[in-house]
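So the chains spell out like this:
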Amino acid sequence: MKVEPISGPLPAPTSDKPANLREAAESFEALFIGQMLKIARESGEGGGLGESDQAGATMMEVAEEHFAREMTKNGGIGFARLIMTQLGPAAQAVNDSERDNRSGSSTGAEL
């Protein structure tokens, strides 16, 4: 098997870190809200909507997950926004550092 060398420079990878950070922050908030809803439901006396069998319990879990995702899309309880505020500058610094390293303007000593 013959392997041909790569000709020409490789395209610079695109960075989606801010988008990934937003998605991760929103997913975390939705998971957190979903867990809060689950704990609240489980701590109740029973008598919930359709929880008398396994299918009803599964339906409630799916409904809680959906509600948590929709709640997060509409602002949620503010965790996603807080995470973006706190980690956004750090993510931007990582993006800048990676861009500098790709362009060869690294300030570190070469080994």
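Conventions and cut-offs
Residues numbered from 1 in each chain as written. Predicted model: local features only at pLDDT ≥ 70, side-chain atom pairs only at ≥ 80, totals over all residues. Heavy atoms only, no water. Helix = DSSP H or I, 4+ residues; strand = E, 2+ residues; numbered from the N terminus. Buried < 20%, exposed > 50% of the residue type's maximum accessible area, 1.4 Å probe, protein only. 1 Å grid on protein atoms, 1.4 Å probe; cavity = no way out; pocket = protein on both sides within 12 Å on 5 of 7 lines; lining within 4 Å. Points joined across faces, edges and corners; volume = space filled by probe spheres on them. Nonpolar A, V, L, I, M, F, W, Y, C, P; charged D, E, K, R; others polar. Lys, Arg positive; Asp, Glu negative; His and termini not counted. Salt bridge = Lys/Arg side-chain N within 4 Å of Asp/Glu carboxyl O. Phe/Tyr/Trp six-rings, centres within 6.5 Å; stacked < 30°, edge-to-face > 60°. Expected span 1.5 Å × (residues − 1). Arc of directions from axis to C-beta.

*Asks:* Describe the overall build of the chain, naming the residues involved and giving the relevant values.
*Replies:* A tally of helices and strands in the chain yields three helices and zero strands. In sequence order, the chain lays out its α and β elements as α-α-α. In the chain, which comprises 111 residues, the share counted as buried stands at 16%.

*Asks:* Can you tell me about the layout of surface pockets, naming the residues and giving the values?
*Replies:* Counted as a void, the largest pocket has a volume near 190 Å³. What lines the largest pocket is Ala-30, Leu-31, Gly-34, Gln-35, Lys-38, Glu-61, Glu-64, Glu-65, Ala-68 and Arg-69. Residue classes in the lining of the largest pocket are distributed as three nonpolar, two polar and five charged.

*Asks:* So, the side chain of Glu-29: which residues are in play, and what are the values?
*Replies:* Structurally, the position occupied by Glu-29 is in helix H1 (residues 17–42). For the buried Glu-29, no salt bridge is present, and the opposite-charge side chain at shortest range is Arg-81, 7.6 Å distant.

*Asks:* Quick rundown of the packing of aromatic side chains? Include the residues and the values.
*Replies:* Applying the stated criterion across every chain yields a total of three aromatic pairs. On the basis of an interplanar angle of 55 degrees and a centroid distance of 4.9 Å, the ring pair of Phe-32 and Phe-79 is categorised as tilted. Remark: Phe-79 occurs in helix H3 (residues 79–103) and Phe-32 occurs in helix H1; sequence separation between them is 47 residues. Here the aromatic cluster, defined as three or more aromatic residues joined through ring pairs, consists of Phe-28, Phe-32 and Phe-79.

*Asks:* Any chance you could break down helix H2 (residues 54–73) for me, citing the residues and the numbers?
*Replies:* The terminal C-alpha atoms of H2 lie 29 Å apart, and with 20 residues this matches the ideal 28 Å at 1.5 Å per residue to within 8%. Taken as a whole, H2 has its buried residues at Gly-56, Ala-57, Met-60, Glu-64, Ala-68 and Thr-72. Projected down its long axis, H2 shows its buried positions confined to an angular sector of 140 degrees, all on one face. Projecting away from the buried face of H2 at angles above 90 degrees are the exposed residues Ala-55, Val-62 and Lys-73. With its phi angle positive at about 105 degrees, Gly-75 sits one or two positions after the end of H2.

*Asks:* Which residues make up the environment of Pro-89, and what values go with them?
*Replies:* Relative to the elements of secondary structure, Pro-89 occurs in helix H3. It is 9.6 Å that separates the C-alpha atoms of Pro-89 and Pro-18, two residues lying 71 residues apart in sequence.

*Asks:* Hey, could you go over the pattern of salt bridges for me, with residue numbers and the actual values?
*Replies:* Applying the stated criterion across every chain, the model contains two salt bridges. The residue Arg-41 makes a salt bridge to Glu-64 at a minimum N-O spacing of 2.4 Å. Of this pair, Arg-41 sits in helix H1 while Glu-64 sits in helix H2, placing them 23 residues apart in sequence. In terms of burial, Arg-41 and Glu-64 fall into one category: buried. One salt bridge in this structure joins Lys-73 and Glu-70, with 3.3 Å as the shortest N-O distance. Here Lys-73 and its partner Glu-70 are both found in helix H2, three residues apart, which amounts to about one turn of the helix. In this structure Lys-73 comes out as exposed when scored by relative accessible area, which is 62%. The class for Glu-70 is partly exposed, based on a relative accessible area of 29%.

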